[in-house]
Amino acid sequence: MSWFGSRSASPRVIPGFGLTLGITVAYLSLVALLPLAMIAMQAFRLGLSGIGHILSDPRTLHALYISFGTALAAATVNAVFGTLLAWVLVRYRFPGHRLIDALIDLPFALPTAVAGIALTALYAPNGWIGKSLSGLGIKVAYTPLGIVIALIFIGLPFVVRSVQPVLEDLAPEIEEAAATLGASQGQRFCRIILPLIAPALLTGFTMAFARGVGEYGSVIFIAGNIPMISEIAPLLIVIRLEEFRTDAAAAIAAIMLTVSFAILLLINLIQAWSRKRLGDA
Amino acid sequence: MRIDIHDVYKAFEGGSRALNGINMTIADGELVALLGPSGSGKTTLLRAIAGLENPDHGDILFNGGTVAGHDVRDRKVGFVFQHYALFKTMTVRKNVSFGLSILPRKQRPSKAAIIARADELLHLVQLEGLENRYPSQLSGGQRQRVALARALAIEPSVLLLDEPFGALDAKVRKDLRRWLRELHDRTGHTTVFVTHDQEEALELSDRVAVIHQGRVEHMAPPAELYGQPATPFVCSFLGASNQLEVTVSKDQVLHCGHALPLPRPHSITDGPHQLFIRPHEFQIRSVDDQTPGILCRVETVRLSGALVRIDLRFAACGTAIEVEVPILDFERHPWKVGDAAMVTIRNVRMF
Amino acid sequence: MLIQAHRATSIAEGPTLRRILLGITLIFLTLFLLFPLAAVFSEALSQGLSVYWQAINEPDATSAIRLTLLVTGLSVSLNLVFGLCASWAVAKFSFPGKSLLITLIDLPFSVSPVISGLIYVLLFGAHGLFGAWLKANDVEIIFAVPGIVLATVFVTLPFVARELIPIMEAQGRGDEEAARTLGASGWQIFFRVTLPNVKWGLLYGVLLCNARAMGEFGAVSVVSGHIRGMTNTMPLHVEILYNEYNFVAAFAVASLLALLALVTLALKALLESHNTNTPNAPRL
């Protein structure tokens, strides 16, 4: 994809170009780009040594570790179950099919704070699920496991909604061809279907991961927020802000943003590469 | 391998009958075309042979043994799909070697042997040098040949092709057609292919089965199919035909007062019948020739390559017919619109 | 239970495997979607309807509802205008930097909500870039309603534009050019040709934008200051009540937000059946 579209040679027949582009660029710059640049400015002011100093705080390091680690775990779970969900929704027809299809987007529509307190109520030691789990000696609420649970909820739709359209477009002949060549069901899935849905799966995984790293509302209730145990990076930003340590808050934000953008860029590159290679044959 | 198909029925969801009592035998090493209009059931029949569809009734036998209950995987059929169904995440070589690479470890050849076999097949289909390309980087004809090589790699007992040339442009189509025939003669696989293109079916195959409404209308070598079609459908479906309503009484064929020739040999009962005459089976002469015939008037004249198509109307009752004249004859006698002409009939088919 | 394979082919998985896969799916969905949803309503109603009613009618709660509606109204309107401008510019014209612009519009989706609030604190907070100037001129942004609106606008900025751009691009510029040749003015073209063409997509974008704006928590939490009855939106009010161990009240307010989510999902399904072109793409 080229960053610069080609300039149209013909005179513009449709009016409003200057007005709409002007408003778009001005609004975007004022509302989004200028404020985001503040993070870069703040990080620049701190310099590498300043950021390094803040990073060397074990509490910061641990919070980042928890945020990235739990997001990775949750995105992995969602990759597996999201693929299964997409498969079932595309391939099977059963009573309630449409309802479930609509319900998949609940995590997008439900405010995160509501999800947070609902999950906490469920997984707390006296909650519906927490009670039976604590009988098994598993503690979910107020541990990193609780964070993973919240992030599974939040990230659930990403993989489903990425993989679903690709599975829908998959020509049945591809699998039939593999079957005539002697491939078993497992071989067909692993060697034919999985490679075909891999780019979409990767996209969904990454979006779930990126969302999980930055997630705040659904996590802080169930996490318990114990420093060095279950404290996430976004919460540490809030805490630093409340302590008026704006520099530290901005530094953590800068690190999170850099990593997130790097991952998104990487994914875009992988997508472009796979599109180029696979074409639409 | 010999294929016997006995009384096969298949209905689809919604109750429409795709196969309606199919019976046929395909001899070992034969190249057979399943020809029919779209929706005739020809593709369903091919898929039933492959095991991609399960018949509701009837039996399919490979070399005398039933394959009912045998999974697609176990039938060892080489199937080439209409749109090739290549695995786009794999290179050409990986596509071709797929069937061998998924064999259970005990039966699987060594990696080197698999590659050697794939390359040998790619040589056979004339695709050397493209081993490491992806399907998206190939032309339609090349993809078609990859699909063929991939199907041949598992050493299939029978090769099944669904509209093998349907998605290709006219020139590539012709080349591939000739090439497929040569390949068949060299490898000797029993081959069945589906087509809706009669020229393709007649030119390429040993025998053609015309399928209509889920039944075999007629199965015969191309010349017989064209010359002595078994049913009116086959006659009108294969090549152009002029169709005349006639009455037969006492060995006399009558159409608006003209006596027309009787098909030979025949077993026609008296009464109304349909007469089919191919455009090239008419002879057209000047009126002053004094020979007997049907007096007609020339309506249009169209040049079509080596042939000239002339539309005529019977002077007596206005029946319209289409006649084909070789260009050489036409140059000797250039017919013009409005000319009167005497038409005689050399050959007819009657049902 | 009747489970049919969607495509009838003899190579689909057998009924047993199908049942197992569907079973796992349903258990997973029950645990992760249905239970949380059910928990909200059951906790909210655990002390009966009158307690529930009181919790919603309490002055702090009603003021939170009013603030949420105000903030949502403002930010959805602003982003609606932005979305229309951006999609008009992007879809009807070609210009250098177009792809970059589209990428930048999506940017807020990949920023943590907390950071979305933080950037405004860095700009307008007491120690921020404009902090001293704002204080001198007695303008309050952070810990006040303007900050909440700004943070919400940032978080929901891409929704409308993102929905409209692909639809307008797919429709091309033929209709507008035809209207132009017939002598229509710019506004006439917009209201009589373009808008009717994209109305379902527009509604879809507004719906998603609205849901996110009402429910936004992290970004708003950072800039709000949590002043009861003043800068408390519904999600923030839920948090305060929850942290005060007033669970029933917290879940009562939360149940309103959950209802909003369910209505959103229902309308979304309705709009999708109306307009099959609407991409079902995931969004942050």
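Computed from a predicted structure; not experimentally measured.

**Student:** Please explain the interface of chain A and chain C as it appears in this structure.
**Tutor:** Size of an interface, as often reported, equals the accessible area lost when the parts are brought together. Between chain A and chain C, the contact holds 103 residues from the first and 101 residues from the second. Approximately 9000 Å² of surface area, both sides summed, lies buried where chain A meets chain C, with 79% of it carried by carbon and sulfur atoms. Among the residues of chain A in contact with chain C, Ile 14, Tyr 27 and Tyr 92 of chain A are the three that bury the most area, contributing 8% of the side total. For Lys 268 of chain C, the salt bridge identified is with Asp 105 of chain A, shortest N-O distance 2.3 Å. Along the contact surface separating chain A from chain C lie eight residue pairs in polar contact (both at pLDDT 80 or more). Element by element, the count of residues in the side of chain A that touches chain C is highest for helix α1 (residues 17–55) of chain A, at 17 residues.

**Student:** Got a minute to help me understand the confidence of the model for chain A in this structure?
**Tutor:** Residue and element names in this part refer to chain A. Mean pLDDT for chain A: 88, with 95% of residues reaching 70 or above. Per-residue pLDDT, averaged within each element of chain A, yields its smallest value for helix α12 (residues 246–278) (85) and its largest for helix α2 (residues 58–91) (95). The model gives residues 1–9 a pLDDT under 50, and that stretch makes 17 contacts with residues more than four places away or in other chains.

**Student:** Please explain the nonpolar core as it appears in this structure.
**Tutor:** Buried together is how nonpolar side chains tend to be arranged in soluble globular proteins. Ranked by size, the top nonpolar core spans 232 residues in total, and within it Tyr 123 of chain A together with Met 24 and Leu 34 of chain B carry the most contacts. Tallying contributions element by element places α2 of chain A first for this core, with 15 residues. Excluding its chain neighbours within four sequence positions, the residues that come into contact with Tyr 123 of chain A are Ile 129, Gly 130, Leu 133, Val 140, Ala 141, Ile 149 and Ile 222 of chain A together with Leu 31 and Phe 32 of chain C. In this structure, Leu 35, Leu 121, Leu 183 and Phe 233 of chain B belong to the second largest nonpolar core, which totals 41 residues.

**Student:** Help me understand a positive patch on the surface in this model?
**Tutor:** A grouping of Arg 191 of chain A together with Lys 94, Arg 105, Arg 108 and Lys 111 of chain B is seen on the molecular surface, where their side chains present a positively charged patch. Topologically, Arg 191 of chain A is positioned in helix α9 (residues 185–214). Taking the relative accessible area as the measure of exposure, Arg 191 of chain A reaches 31% and is therefore partly exposed.

**Student:** How should I be thinking about the confidence of the model for chain B in this particular structure?
**Tutor:** When pLDDT drops low, the exact placement of atoms in the prediction is not to be read closely. Residue and element names in this part refer to chain B. Across chain B, the average pLDDT comes to 89, with 99% of residues at 70 or higher. Confidence scores differ between elements of chain B, with strand β13 (residues 258–260) showing the lowest mean pLDDT of 81 and strand β3 (residues 31–35) the highest of 95. Reported confidences for the modelled complex are a pTM of 0.85 and an ipTM of 0.88.

**Student:** Sorry if this is basic, but what is going on with the pattern of salt bridges here?
**Tutor:** Pairing is possible between side chains that carry opposite charge, provided their charged atoms lie close to one another. All names here are of chain B. Applying the stated criterion across every chain yields a total of 35 salt bridges over all chains. The salt bridge involving Glu 199 is made with Lys 174; its shortest N-O contact spans 3.9 Å. Of the two residues, Glu 199 sits in helix α7 (residues 198–204) while Lys 174 sits in helix α6 (residues 170–187), which places them 25 residues apart along the sequence. Under the relative-accessibility criterion, Lys 174 is labelled partly exposed at 40%. Among the ionic pairs, Arg 332 bridges to Asp 329, the shortest N-O distance being 3.5 Å. Of this pair, Arg 332 and Asp 329 are both found in helix α10 (residues 327–332), three residues apart, which corresponds to roughly one turn of the helix. Under the relative-accessibility criterion, Asp 329 is labelled partly exposed at 34%. Beyond isolated ion pairs, a larger network of salt bridges with shared partners links Arg 173, Lys 174, Arg 177, Asp 197, Glu 199, Glu 200 and Glu 203.

**Student:** Just to check I follow, could you spell out the environment of Gly 271 of chain B for this structure?
**Tutor:** Residue and element names in this part refer to chain B. Along the polypeptide, Gly 271 turns up in strand β14 (residues 271–277). Through-space distance from the C-alpha of Gly 271 to that of Glu 131 is 66 Å; in sequence the pair is 140 residues apart. Contact partners of Gly 271, with chain neighbours within four places excluded, come to Val 246, Thr 247 and Val 248.

**Student:** What exactly am I supposed to notice about the side chain of Glu 163 of chain B here?
**Tutor:** Residue and element names in this part refer to chain B. By the secondary structure assignment, Glu 163 is in the loop between β7 (158–162) and α6. Lacking a salt bridge, the buried Glu 163 has Lys 42 as its closest oppositely charged neighbour, with an N-O distance of 4.1 Å. Reaching out from Glu 163, the side chain makes a polar contact with the side chain of His 196 at a distance of 3.0 Å. Aside from chain neighbours lying at most four places away, what touches Glu 163 is Lys 42, Gln 82, Val 194, Thr 195 and His 196.

**Student:** When you look at helix α3 (residues 92–101) of chain B in this model, what are you seeing that I'm missing?
**Tutor:** Residues lying three or four places apart along an α-helix face the same way, a consequence of the helix completing one turn every 3.6 residues. Counting buried positions over the 10 residues of α3 of chain B gives eight, a clear majority of the element. Of the residues making up α3 of chain B, those classed as buried are Val 92, Asn 95, Val 96, Ser 97, Phe 98, Gly 99, Leu 100 and Ser 101 of chain B. On the buried face of α3 of chain B, the contacting elements are α8 (172–180) and α9 of chain A together with α4 (111–124) and α5 (140–153) of chain B.

**Student:** Can you walk me through the packing of helix α2 (residues 49–57) of chain C against helix α3 (residues 59–92) of chain C in this structure?
**Tutor:** Two packed helices can be described by the angle between their axes and the distance between those axes. Residues and elements named next belong to chain C. Direction vectors running N to C along α2 and α3 enclose 60 degrees, while the axes themselves pass 5 Å from each other. Classified by the angle between their axes, α2 and α3 sit oblique to one another. For the pair α2 and α3, contact is made by Ala 55, Ile 56 and Asn 57 and by Pro 59, Ala 61, Thr 62 and Ile 65, respectively. Each residue belonging to the contact of α2 with α3 can be placed in one class, and the counts come to five nonpolar, two polar and no charged.

**Student:** Would you mind showing me how to read the state of the cysteines here?
**Tutor:** In protein chemistry, a disulfide is the covalent bond that joins the sulfur atoms of two cysteines. Under the defined criterion, the tally for this structure stands at one disulfide over all chains. What pairs with Cys 256 of chain B in a disulfide is Cys 317 of chain B, and their sulfur atoms sit 2.2 Å apart. Across the S-S bond linking Cys 256 of chain B and Cys 317 of chain B, the dihedral sits near -50 degrees, which makes this disulfide left-handed. Of this pair, Cys 256 of chain B sits in the loop between β12 (252–255) and β13 while Cys 317 of chain B is found in the loop between β17 (307–314) and β18 (320–326), placing the two residues 61 residues apart along the sequence. Cys 209 of chain C provides the cysteine sulfur closest to Cys 85 of chain C, a residue in no disulfide bond, and the two sulfurs are 15 Å apart.

**Student:** I'm lost on a nonpolar patch on the surface in this one. Help?
**Tutor:** Residues Leu 30, Leu 34 and Met 41 of chain A together with Leu 129, Phe 130 and Trp 133 of chain C make up a contiguous nonpolar surface patch of roughly 590 Å² in combined accessible area. Per-element accounting of the nonpolar patch gives the leading share, three residues, to α1 of chain A. Take Leu 129 of chain C: it is sitting in the loop between α5 (113–124) and α6 (131–136).

**Student:** Please explain the sheet that holds strand β20 (residues 349–350) of chain B as it appears in this structure.
**Tutor:** Residue and element names in this part refer to chain B. Spatially, five strands are ordered β13-β12-β11-β14-β20 in an open sheet, and the strand pairing comes out antiparallel. The sheet is open, and its two edges are formed by β13 and β20, each paired on a single side. Where β14 and β20 come together, two bridges link them in antiparallel fashion. Within the sheet, the bridge partner assigned to Leu 275 lies in β20 and is Met 350.

Thresholds applied
Residues numbered from 1 in each chain as written. Chains lettered and ligands numbered in written order. Predicted model: local features only at pLDDT ≥ 70, side-chain atom pairs only at ≥ 80, totals over all residues. Heavy atoms only, no water. Contact = heavy atoms within 4.5 Å. Buried area = accessible area lost by both parts, 1.4 Å probe. Salt bridge = Lys/Arg side-chain N within 4 Å of Asp/Glu carboxyl O. Polar contact = N/O pair within 3.5 Å; in protein donor to acceptor, adjacent residues only side chain to side chain. Helix = DSSP H or I, 4+ residues; strand = E, 2+ residues; numbered from the N terminus. pLDDT = per-residue confidence, 0-100. Core = buried A, V, L, I, M, F, W, Y, C linked by side-chain atoms within 4.5 Å. Buried < 20%, exposed > 50% of the residue type's maximum accessible area, 1.4 Å probe, protein only. Patch = residues over 30% accessible without salt bridge, like charges linked within 9 Å, V, L, I, M, F, W, Y side chains within 5 Å. Areas by Shrake-Rupley, 256 points an atom, 1.4 Å probe, with all protein chains shown as cover. Lys, Arg positive; Asp, Glu negative; His and termini not counted. Charge placed at Lys NZ, Arg CZ, Asp CG, Glu CD. Axes fitted to C-alpha atoms, helices over the stretch in contact; angles between N-to-C directions. Parallel < 35°, antiparallel > 145°, perpendicular 65-115°, else oblique. Nonpolar A, V, L, I, M, F, W, Y, C, P; charged D, E, K, R; others polar. Disulfide = S-S within 2.5 Å. Pairing = 2+ DSSP bridges.

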